[in-house]
Each structure stands twice: as structure tokens, then as C-alpha cells.
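# Summary of the model geometry
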Amino acid sequence: CFNCTGPKHRAAECTSKMSCYFCSRRHHTSICTDQQPKGESVMSLVDDGKVIYPVVVVKVGGIECRALLDSGASSCYASAKLLDMLGKQPTEIKPKKVVMLMASTTAKMEIYKSTVSSKSGDYNLEVNLTKVNRGELLSLENPRYEQLMKTYSHLKGVEMDDIDTKPLLPVHVILGAGVFARIKTDTRPQIGNQGEPVAERTKLGWIILSPGEEIDTT
């Protein structure tokens, strides 16, 4: 399914009510060619109307980049730019039939076995990354973590690895549900009042995200 990335049904049979964050059409955000958000996000908004996605700084084969934690994705993805920089050959090439409403096509999916590490290097995991032929997977608005931690007292003690000040931040990796389950820790999430952002510590580092019962960026 190219809408929710589930492996056992087609997009026409997909029961997910989610749609693309950027264009609101029925496909996964990671394959959208439109970088401008249209419509309301599927995630709850913080007080100033901005969406905060669970993004963490990681190293893939020693190259530092940002990874989006997407519990709604069944696979992991990486941009062509990142994989080209690694200079690796795919460990597997899978032909995959993509069925759309009016037609179907067969695409070759390149799979790369890679090591994803925390920025500090104290945690590593092996991940199969599916190549997406784009320079970057997403470009997200900078949440200004330093300002968030000054604004919300319940975020005291959170240590974010991302200190970039650019208005838009590129994301080159999407880590799916399987990885998200593996990197969770026993640390209690830091939750403030209703509608305020939530911080959670993972084995790859701290994340701050918009409030909600479930992380879902489908």
C-alpha cells in the first residue's frame, strides 16, 4: 500500500484515514513531490499552531543526518543522496508491484543494510533502508528546541542534539515501527499541560513531539 506502506493490502483497500502531510492526497508523506504543507496535519498542534515531529540526529555509516521516527511506517527509508554518500551497493533489489486506482507498475526497490547510531555513538542498530530517489525525504520547519525548552518548564533536563538554526531542516532517514519499538526506553515521557509538547528519551536520543496519544506521521 503506497498510502500507509502496509504490506498486506493495496491503497484502494486501505482503511487508514490519514493522508499526505504536504498535499493531503492519498499517498505516504515520504514519497510526496510537494514540499509545501496544505491542510491540517494529522498530528495535534502545539499552542502556536506548529507541528513538532519526532526527529532525532543520528549517524548512518558515520554520516550525521536527521531521522524521523514514524510508528505508522512498516519499513525504513533513506534518501538517495545519503546512500550515494555512503558509497555502498544495495544488499538486495526487490521487484515490487505498485497498484494504483487506474493502473499498476513494477518498481525495483533497492535495500541497503546499514548501521544507524546515536550521535554520541553509544548505541548502534542494524537497519534495512529502502532507497527513495530524492535528495532528501522531507524538509520540516525548525521547531526551535532551545526556545521550546525555555517556554515549557516541564522540558527542563531534556538534551536535544539538534542545535541547527536554519528555518527548514532536511530529513534523510525515516525509521519505521519496528525500529521505534527497539529504541524505546524505560524513561518516563516528560508531559506538561494539555496541548503542550511532549519529550521522550530514546536510545538514539531525546525527541520532542506535538501532544497526542500516538505518534502518527502517516
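Conventions adopted
Residues numbered from 1 in each chain as written. Predicted model: local features only at pLDDT ≥ 70, side-chain atom pairs only at ≥ 80, totals over all residues. Heavy atoms only, no water. Helix = DSSP H or I, 4+ residues; strand = E, 2+ residues; numbered from the N terminus. Buried < 20%, exposed > 50% of the residue type's maximum accessible area, 1.4 Å probe, protein only. Contact = heavy atoms within 4.5 Å. Areas by Shrake-Rupley, 256 points an atom, 1.4 Å probe, with all protein chains shown as cover. Salt bridge = Lys/Arg side-chain N within 4 Å of Asp/Glu carboxyl O.

Turning our attention to the overall build of the chain. When helices and strands are counted, the chain shows three helices and eleven strands. Each helix and strand of the chain, ordered N terminal to C terminal, gives the series β-β-β-α-β-β-β-β-α-β-β-α-β-β. Looking at the 218 residues of the chain, the share that counts as buried comes to 48%. Look at the contacts in the chain between residues 6 or more apart in sequence, and 61% of them connect residues 24 or more apart. Counting every atom, the chain has about 11900 Å² of accessible surface; 49% of that belongs to carbon and sulfur.

So, about the pattern of salt bridges. Tallied over the full model, the rule gives eight salt bridges. Note that glutamate 110 and lysine 131 form a salt bridge whose closest N and O atoms lie 3.8 Å from each other. You can see glutamate 110 sitting in strand E5 (residues 104-118) and its partner lysine 131 sitting in strand E6 (residues 124-132), a full 21 residues away along the chain. The residue lysine 184 makes a salt bridge to glutamate 200 at a minimum N-O spacing of 2.8 Å.

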